[in-house]
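# Structure at a glance
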Amino acid sequence: MTRDEAQRLVQAFMKSLGQPSEGLNPQGFGGAMLGAAQLYFEYHSDKQALEASALVYKFRDPPKPGVLDGFREEEKAGTDTGGGAVDYETENKSLFLSRIYSTPPSDAAFKEDMQRLTQASLVWGDEVLDRVASRVFKR
């Protein structure tokens, strides 16, 4: 996927939400609020891919041992990720559900994917987070 294709895809998605946007900034980043969900976009020029990430949880400090493993276990067990994968970013101490697009999907498919991803992130930030925390901290 070219940067222009990624830009057009994000712009079309934002327009479909009634939130016209530049899409991606000159550094290749963008974002959106969908109700209580936070969605971020990043274009990776080295991979020619667009990454879409829905925030699950932002940690104040690095996660305690076992917490990230607990989220990965939930993913392996088949907990709905909305089509994404568990993704922890150390730079901002945040846990996301992320999807990577190498080829541009249709605008309608992308919108549906983003709705599924953000819905799943809200469930993960509530129910799954509670489940993981209770398992990890009871050990």
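Just above, that's the structure.
Values in this document were obtained by computation on a predicted structure and should not be read as measured data.

## What about the environment of E74?
Structurally, the position occupied by E74 is in helix α2 (residues 67-76). The class for E74 is buried, based on a relative accessible area of 6%. Distance in space between the C-alpha atoms of E74 and L129 is 9.9 Å, their sequence separation being 55 residues. Setting aside residues up to four positions removed in sequence, E74 forms contacts with T79, W124, V128, R131, V132 and R135.

## Describing the pairing of strand β3 (residues 49-58)
Counting buried positions along β3 yields eight of ten residues, so the element is predominantly enclosed. The pairing of strand β2 (residues 37-44) with β3 spans six bridges and is antiparallel. Each residue of the ladder has a partner; that of F41, found in β3, is A52. The turn joining β2 and β3, which pair antiparallel and follow one another in sequence, is formed by four residues; a positive phi near 50 degrees is taken by Q48. Two elements, β3 and strand β5 (residues 94-101), share eight bridges in a ladder whose sense is antiparallel. Bridge pairing in β5 places L55 opposite F96.

## Details of the environment of L17
Counting through the fold element by element, L17 comes out in the loop between α1 (3-16) and β1 (29-34). L17 sits 15 residues away from A32 along the chain, and the two C-alpha atoms are 9.7 Å apart. Non-local contacts of L17, meaning those with residues more than four positions away in its chain, are made with L34 and K111.

## Let's talk about the packing of aromatic side chains
Per the counting criterion, the structure on display carries eight aromatic pairs. When the ring of Y40 is compared with that of F96, the centres are 5.9 Å apart and the planes differ by 85 degrees; the resulting orientation is edge-to-face. With Y40 in strand β2 and F96 in strand β5, this residue pair connects regions lying 56 residues apart in the sequence. The buried category is assigned to F96, whose relative accessible area is 6%. Ring geometry for Y101 against F110: centres 5.3 Å apart, planes inclined by 70 degrees, an arrangement best described as edge-to-face. We note that Y101, like F110, is buried. An aromatic cluster is defined as three or more aromatic residues linked by ring pairs; in this entry it consists of F13, F41, Y101 and F110.

Rules and cut-offs
Residues numbered from 1 in each chain as written. Predicted model: local features only at pLDDT ≥ 70, side-chain atom pairs only at ≥ 80, totals over all residues. Heavy atoms only, no water. Helix = DSSP H or I, 4+ residues; strand = E, 2+ residues; numbered from the N terminus. Buried < 20%, exposed > 50% of the residue type's maximum accessible area, 1.4 Å probe, protein only. Contact = heavy atoms within 4.5 Å. Pairing = 2+ DSSP bridges. Phe/Tyr/Trp six-rings, centres within 6.5 Å; stacked < 30°, edge-to-face > 60°.

In short, geometric facts, not functional conclusions.
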